[in-house]
Amino acid sequence: MRPTRRDLFSLAALAAAPAALSGCGFTKQAPAPQDSAGGAQNLTFTTWGTDNELAALRKTIERFEAANDGMTVKLNAVPYEQMFTNIDAQLQSNTAPDIFRVPYYTFGSYAGQGQLLDLKPHLSDGFSDRFTPQAWAAVQNEKTPFGVPHHTDTSAILYNKDMFDAAGITSVPTSLEDAWTWEELEQVALQLRESLPASKYPMAYNWQGNGVTRWLSWLFQADGRFLEEDLKTPAIDSDAGRAAVEFTSSFFSRDLVPQNDSVKSTTYASDIWYSETVAMTWAGAFLIPDAAQTLKFNWGATFAPRNVRAGSDFGGNALVATAGTKVPELATSFLEFITEEESMRDFCEAASLLPTRADLVESGITFADRPELSDVFIKQASAVQASDSSQVASPNMSAIITVLKDQLEQAFVGGQSVDDTIAGLSEGIAKATGG
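One structure accompanies this document, and this report is about it. Throughout this description, residue numbers start from 1 for each chain and increase along the sequence as written. Reporting in this predicted model follows two pLDDT cut-offs: at least 70 for local features of residues, and 80 or more for side-chain atom pairs to be given and counted; totals over whole chains, interfaces and linings ignore these cut-offs and use all residues. No hydrogens and no water enter the side-chain calculation; it runs on all heavy atoms of the structure.

1. Considering the overall build of the chain
Move 1: What counts as a helix is a DSSP run of H or I of at least four residues, what counts as a strand is a run of E of at least two, and both are numbered from the N terminus. Looking only at helices and strands, one finds 18 helices and 11 strands in the chain.
Move 2: For this measure, only C-alpha atoms enter the radius of gyration; the expected value for a globule follows 2.2 Å times N^0.38, where N is the number of residues. In terms of overall size, the chain behaves like a compact globule, its C-alpha atoms giving a radius of gyration of 22 Å where 435 residues would be expected to give roughly 22 Å.
Move 3: With respect to the three principal axes, the spread of C-alpha positions in the chain is 75 × 45 × 40 Å.
Move 4: Surface accessibility of the chain: about 16,700 Å² in total, with carbon and sulfur atoms responsible for 47%. All accessible-area figures derive from a Shrake-Rupley calculation using a 1.4 Å probe, and residue coverage is judged against the displayed protein chains alone.

Following this line, the structure appears as structure tokens:
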């Protein structure tokens, strides 16, 4: 069954420097590793995915099998809601698949518990060069790779052109460098507020549920951190942290977003935008296919705002091999194949997701739906720095997410002060990391 908008949003909530790669996109695959009896080995791969994602994965698997005579990859597609309950149980019973898909913010927990295969001894020389620095940083644990960055996604602004026109907003930024500053975004929001009836709002932000990690974009735009470089010590108690909390809290106090746009709301920002209740929303590129097929109003995309610097969320998913796999070389061979240029291009263009390969970021890709928006999202993703993505992929991120939810909910709709919110965030992060 094709996922709904809410399903797609939930998947993303879970979520560039060009470099040359010698031998990337090679046309002849090395023979598949053999078992002790001389027979080809098989591989199991568990994932969730939209119809487009699964179709692209099957296409890559077919090419991999064709290049490795006698080799088969068993793809097990499961509903997202069951994915990690199943994986966790399988890891405990030593029945886990050889390879599975995992959000970057969950990756660190599995790697930190020793449940993933250390890929360093198995990867080809120079393999890391194919990826952007921020993507490669997202699959490291203690400076060791325990996965490959399969794709990313990030949030840009989708806007209702009719609502903008009615408010007299006739142009939007067309480059990352010209993105609205926080002050300019505020003025746009206030201009929309004046033109809209009380039942409608200027904007909605996509920080619901585990998507609360997207709030960190504001912290990064203020040039702040939530973890020090040791990925344990809290760093949120800073001018940047206070600025991010104060600015985002003002969305609620100034009636710029609906009250049900809080982080613990069961209503997603994308649904509010679909219903034409808000003039703009932050959303990932994964939303484009459904929006292109569903929406009846005129809409476009522009860049997220900047403050001290540009900043954005690092969403998407990694592919990992389990530590208990009996075919580590074969698993690594498949992980290399699935991140080759052709494989990644096919997957990202079909699914409206963003590449992690530096060469594809440099050359660009073209979404199957609304291809003119491809460059907006690729350029927006380049605002993520390696220091940003490494924090999100830290081993304790799952526990930190709970802290972010609790404290930001109190700040946004509970009347909690900026100082108390920062203190609660800092204390909660310290408990989560032991830092």
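And the narrative resumes.
2. Concerning helix α13 (residues 341–351)
Move 1: Exposure classes here rest on a 1.4 Å probe applied to the protein chains alone. A residue is buried below 20% of its type maximum, exposed above 50%, and partly exposed in between. Every buried residue of α13 is accounted for by Ser343, Met344, Asp346, Phe347, Cys348, Glu349 and Ala351.
Move 2: Contacts are assigned to residue pairs that have any heavy atoms within 4.5 Å of one another. Tucked inside the fold, the buried residues of α13 contact α2 (51–67), β3 (99–103), β6 (148–153), α11 (288–294), α12 (328–338) and α14 (358–363).
Move 3: Phi for Ser352, located one or two positions after α13, is positive at around 55 degrees.

3. As for the sheet that holds strand β9 (residues 278–284)
Move 1: Reading across the sheet, the 4 strands line up as β8-β9-β7-β10 and stay open at both edges, with mixed pairing between neighbours. In the strand order of this sheet, the two ends are held by β8 (201–204) and β10 (299–302), each with one partner. Direction aside, neighbouring strands of the sheet carry axes that sit 25 degrees apart on average.
Move 2: Here, strands pair whenever DSSP counts at least two bridges between them. Direction of pairing for strand β7 (residues 155–160) relative to β10: antiparallel, over a ladder of 4 bridges. Looking across to β10, one finds that Asn160 is bridged to Trp299.
Move 3: Under this scheme, a helix contributes an axis fitted over its contacting stretch, all axes are lines through C-alpha atoms, and angles between N-to-C directions fall in the 0 to 180 degree range. Sheet strands touched by helix α15 (residues 374–381): β7, β9 and β10. Its angle to β7, the strand with the most contacts, is close to 145 degrees.

4. Focus: the pattern of salt bridges
Move 1: Here a salt bridge means any side-chain nitrogen of Lys or Arg lying within 4 Å of a carboxyl oxygen belonging to Asp or Glu. Per the stated rule, a full pass over the model turns up 17 salt bridges.
Move 2: With its nearest N and O atoms 3.3 Å apart, the salt bridge here joins Arg101 to Glu53. Placement of Arg101 in strand β3 and of Glu53 in helix α2 is noted, with a sequence separation of 48 residues between them.
Move 3: For Arg101, a relative accessible area of 3% corresponds to the buried category.
Move 4: Salt bridges sharing partners connect three or more residues here, namely Asp223, Arg309 and Asp388.

5. Quick notes on the pairing of β9
Move 1: Counted residue by residue, β9 has 7 buried out of 7 residues, so it is predominantly covered.
Move 2: Sheet topology places β7 next to β9; 5 bridges connect them, and they run antiparallel. Residue Tyr159 lies in a different strand from β9, and its bridge partner there is Met280.
Move 3: Both β8 and β9 contribute to a ladder of 3 bridges, which runs parallel. Each bridged residue has a counterpart across the sheet, and for Tyr201 the counterpart in β9 is Val278.

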